[in-house]
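One letter stands for each residue in the lines below.
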Amino acid sequence: MQDFLNKLKHFMDDRYGVDDLSCALGALGVIIALLGALLKVGLFTWIAIIVIVLAIVRAISKNFPARERENDQFRQLTSKAPALDGFFDKLPFKHGAERMARAGRTAKKMLVNRKTTMYFRCKNCGQILSVPRGKGRILITCPKCGCKAEKRS
């Protein structure tokens, strides 16, 4: 059982992963599936399944150069459409490994300092703010956006 869990854990280690084209294909497949359900067209369901499977196959592929070439062509094509230019840069999976590592370091720091420091999230920009514990009601100013909030530490 432990061997299976280790294999499952390390399955995506040497895989290409999700990129802009895979995400767009997955979204397109879901939209086609919804249209097929609303219009009651069974052919749409099969097309949606094919598109979603294609997105999954791209994500688990080990052929990095081919997937990067396809994604670059897709990015060039979408950059010509003003509505789509820069859209994929804002997606949450972008630079996922870096964000996950940073979130892990932040969580570890918060855990270590939990007895001396309180953490709040700015309601305006989402920045994590730290203040010392035991100071009563204090006015917290976000250094990123300047939003002010009164909190109890």
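Residues numbered from 1 in each chain as written. Predicted model: local features only at pLDDT ≥ 70, side-chain atom pairs only at ≥ 80, totals over all residues. Heavy atoms only, no water.

Novice: Teacher, can you tell me more about the overall build of the chain here?
Specialist: Of the regular secondary structure elements, the chain holds 5 helices and 4 strands. Ordered by position from the N terminus, the helices and strands of the chain form the series α-α-α-α-α-β-β-β-β. The 153 residues of the chain split such that 24% are buried. Summed over all atoms, the accessible surface of the chain reaches about 11500 Å², with 62% contributed by carbon and sulfur. (Helix = DSSP H or I, 4+ residues; strand = E, 2+ residues; numbered from the N terminus. Buried < 20%, exposed > 50% of the residue type's maximum accessible area, 1.4 Å probe, protein only. Areas by Shrake-Rupley, 256 points an atom, 1.4 Å probe, with all protein chains shown as cover.)

Novice: Can you help me understand the packing of aromatic side chains in this one?
Specialist: Remark: the centre distance and the inter-plane angle together describe each pair of aromatic rings, the angle taken between the planes. Enumeration according to the criterion identifies 1 aromatic pair in this entry. Judged by centre distance (5.6 Å) and plane angle (75°), the rings of Tyr16 and Phe64 are edge-to-face. Here Tyr16 is found in the loop between helix 1 (2-9) and helix 2 (20-39), whereas its partner Phe64 is found in helix 4 (residues 64-79), with 48 residues between them in sequence. Of the residues examined, Tyr16 reaches a relative accessible area of 17% and is grouped as buried. Accessibility expressed as a relative area gives 32% for Phe64, which makes it partly exposed. (Phe/Tyr/Trp six-rings, centres within 6.5 Å; stacked < 30°, edge-to-face > 60°.)

Novice: When you look at the pattern of salt bridges in this model, what are you seeing that I'm missing?
Specialist: Note on pairing: side chains with opposite charge can pair once their charged atoms come close. Applying the stated criterion to the full structure yields 8 salt bridges. The partner of Asp14 in a salt bridge is Arg15, with the nearest N and O atoms 4.0 Å apart. The exposure class assigned to Asp14 is partly exposed, which follows from its relative accessible area of 41%. With a closest N to O distance of 2.9 Å, Glu70 and Arg58 form a salt bridge. With Glu70 in helix 4 and Arg58 in helix 3 (residues 42-59), the pair connects residues that are 12 residues apart, well separated along the chain. The exposure class assigned to Arg58 is buried, which follows from its relative accessible area of 4%. Overlapping salt bridges, with partners in common, bring together Asp19, Arg58, Arg67 and Glu70 in one network. (Salt bridge = Lys/Arg side-chain N within 4 Å of Asp/Glu carboxyl O.)

Novice: It is not clear to me how the confidence of the model for the chain should be interpreted in this structure. Could you clarify?
Specialist: Any region with low pLDDT has predicted coordinates that should not be read closely. In the predicted model, the chain carries a mean pLDDT of 85, and the fraction of residues at 70 or more is 89%. Per-element confidence in the chain is highest for helix 3, whose mean pLDDT is 93, and lowest for helix 1, whose mean pLDDT is 77. (pLDDT = per-residue confidence, 0-100.)

Novice: How do you make sense of helix 2 when you look at a structure like this?
Specialist: In an α-helix there are 3.6 residues to a turn, and that puts residues three or four apart on one side. The end-to-end C-alpha distance of helix 2, which contains 20 residues, comes to 28 Å, matching closely the 28 Å that a straight helix rising 1.5 Å per residue would cover. Among the residues of helix 2, Asp20, Leu21, Ser22, Ala24, Leu25, Gly29, Ile32 and Gly36 are the ones counted as buried. For helix 2, the elements touching its buried residues are helix 3 and helix 4. Two residues or fewer past helix 2, Lys40 is found with a positive phi of approximately 55°. (Expected span 1.5 Å × (residues − 1). Contact = heavy atoms within 4.5 Å.)

Novice: Can you help me understand the state of the cysteines in this one?
Specialist: Such a bond, covalent and formed between the sulfur atoms of two cysteines, is termed a disulfide. All chains considered together, the criterion is met by 0 disulfides. You can see Cys122 has no disulfide; the closest cysteine sulfur is in Cys145, sitting 3.6 Å from it. On the accessibility criterion, Cys122 (7% relative accessible area) is buried. The thiol of Cys125 is not disulfide-bonded; the next cysteine sulfur, from Cys142, is found 3.6 Å away. (Disulfide = S-S within 2.5 Å.)

Novice: Even after reading the chapter, I still don't get the packing of helix 2 against helix 3, so can you show me in this structure?
Specialist: Across the interface, helix 2 lies against helix 3 with an axial gap of 8 Å and an inter-helix angle of 165°. It follows that helix 2 is roughly antiparallel to helix 3 by the angle criterion. For the element pair helix 2 and helix 3, the recorded crossing hand is left-handed. Each of Leu21, Ser22, Leu25, Gly26, Leu28, Gly29, Val30, Ile32, Ala33, Leu35, Gly36 and Leu39 in helix 2 lies in contact with helix 3, whose residues at this interface are Phe44, Ile47, Ala48, Val51, Ile52, Leu54, Ala55, Arg58 and Ala59. The residue inventory of the contact of helix 2 with helix 3, partitioned by class, reads 16 nonpolar, 4 polar and 1 charged. (Axes fitted to C-alpha atoms, helices over the stretch in contact; angles between N-to-C directions. Parallel < 35°, antiparallel > 145°, perpendicular 65-115°, else oblique. Left-handed = near helix turned anticlockwise from the far one by under 90°. Nonpolar A, V, L, I, M, F, W, Y, C, P; charged D, E, K, R; others polar.)

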